[in-house]
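A closer look at the structure
The residues making up each chain are set out below.
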Amino acid sequence: MYIGPYQLSNNLIVAPMAGVTDRPFRTLCKYFGAGHAVSEMMTSDKTLRMSKKSLYRANFDGELAPISAQIAGSDPHDLAEAARYQVANGAQIVDINMGCPAKKVCNKLAGSALLQDEDLVARILDAVVAAVDVPVTLKTRLGYLNGHENILRVAKRAEQAGIAALALHGRTREDMYLNTARYDLIKEVKSLLSIPVIANGDIDSPQKAKYVLDYTAADAVMIGRAAQGRPWIFREIAHYLATGEELAAPNIQEVKDVLLGHLQELYEFYGEYSGCRISRKHIAWYTKGLRSSNEFRQHMYQVETTQDQFKGVEAYFNQLLDYGEIMSDVQVESIDLLKP
């Protein structure tokens, strides 16, 4: 699959997620086989551009190409300027956010709220594409309200504006993340356009990825929440698509090694205070479904230093490994404590 001149290594893409897809997370997902990753959204409000949070989000140092920066806002001029800023900062692809359903974003007529105003959508697309010499992609939803899905018009207008690829989440803004993703309109959009279409929404297993690719004929799938605490999902999907066989889930030792490595990267990237606090949600995701994980997570929320946090995670996984060795001696069920 190509986005403009850039050939991706495969058709598995990490979805942009605010507060999640920072550089350490994107790098980890690419290590496990994601062919592409889009940054978390960065506001087009230039008064916030130099905030600490924005600078973290715009950090692409050492990242594998192609580098894609997502921008969010509602003013065509500001978004065009933000696109130029991100290209100067190293972005090789600019992605426009018209899909975020969060209230604080939609209240500013950004994200998926833009789908209420197709004229504004068109002006934004034209302005951003004209502003930069790199491919511009679009991430969006089926529409704003159920029963008023307008994605067919929006998608066609995006192609006319010169959008290089379209990522489509199979829900409306009204759905938020409730109900189930719908793929019929994604299939219809794919049949309508000549640019690459990326299917997104509820893709949480190798089997689901294959189903969505087959049903919609999409060029790629985009994985978001299913990769939280499970970056190896890209390895599992790639293996299944290539062979038709399921890859064994990682054992406790590998989960431990991946999580500890991820924590080290987060500490180095964010520093002591933010590193410790941002790591808490990742620890919760990695340990979901493991033995005594709820009690462990509650304890981790109270830990205030990276050193104590790291030692606590290490000790917890060592206990799991010790428990697994004991259980295997008495021939009880598998020592792999991960739920399927």
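Quick look at the structure, then. (Residues numbered from 1 in each chain as written. Predicted model: local features only at pLDDT ≥ 70, side-chain atom pairs only at ≥ 80, totals over all residues. Heavy atoms only, no water.)

Looking now at helix H10 (residues 252–270). The end-to-end C-alpha distance of H10 is 27 Å, a good match for the 27 Å that 19 residues give at a rise of 1.5 Å each. Every buried residue of H10 is listed here: Ile252, Val255, Lys256, Val258, Leu259, Leu260, His262, Leu263, Leu266, Tyr267, Phe269 and Tyr270. At the N-terminal boundary of H10, the capping side chain belongs to Asn251, with an oxygen 3.2 Å from the backbone nitrogen of Gln253. Two residues or fewer past H10, Gly271 is found with a positive phi of approximately 90°. (Helix = DSSP H or I, 4+ residues; strand = E, 2+ residues; numbered from the N terminus. Expected span 1.5 Å × (residues − 1). Buried < 20%, exposed > 50% of the residue type's maximum accessible area, 1.4 Å probe, protein only. Polar contact = N/O pair within 3.5 Å; in protein donor to acceptor, adjacent residues only side chain to side chain.)

It is at 9 Å that the axes of helix H5 (residues 118–131) and helix H6 (residues 151–161) come closest, and there the two elements cross at 25°. As summarised for this structure, H5 and H6 are arranged roughly parallel, according to the angle between their axes. Read as a crossing pair, H5 and H6 show a hand that is right-handed. Two secondary-structure elements touch here, H5 through Glu118, Val121, Ala122, Leu125, Asp126 and Val129 and H6 through Arg153, Val154, Arg157, Ala158 and Ala161. When its residues are assigned to classes, the contact of H5 with H6 shows 7 nonpolar, no polar and 4 charged. (Axes fitted to C-alpha atoms, helices over the stretch in contact; angles between N-to-C directions. Parallel < 35°, antiparallel > 145°, perpendicular 65-115°, else oblique. Left-handed = near helix turned anticlockwise from the far one by under 90°. Contact = heavy atoms within 4.5 Å. Nonpolar A, V, L, I, M, F, W, Y, C, P; charged D, E, K, R; others polar.)

Attention now moves to the pairing of strand S11 (residues 220–223). Successive residues of a regular strand alternate their side chains across the two faces of the sheet. Side-chain alternation along S11 places Ala220 and Met222 on one buried face and Val221 and Ile223 on a second face that is also buried. The sheet contact formed by strand S3 (residues 12–14) and S11 spans 3 bridges and is parallel. Counted as the bridge partner of Ile13 is Met222 from S11. Remark: the strand S10 (residues 197–200)/helix H8 (residues 206–216)/S11 crossover connection has right-handed handedness. (Pairing = 2+ DSSP bridges. Right-handed = clockwise from strand over helix to strand, strands pointing away.)

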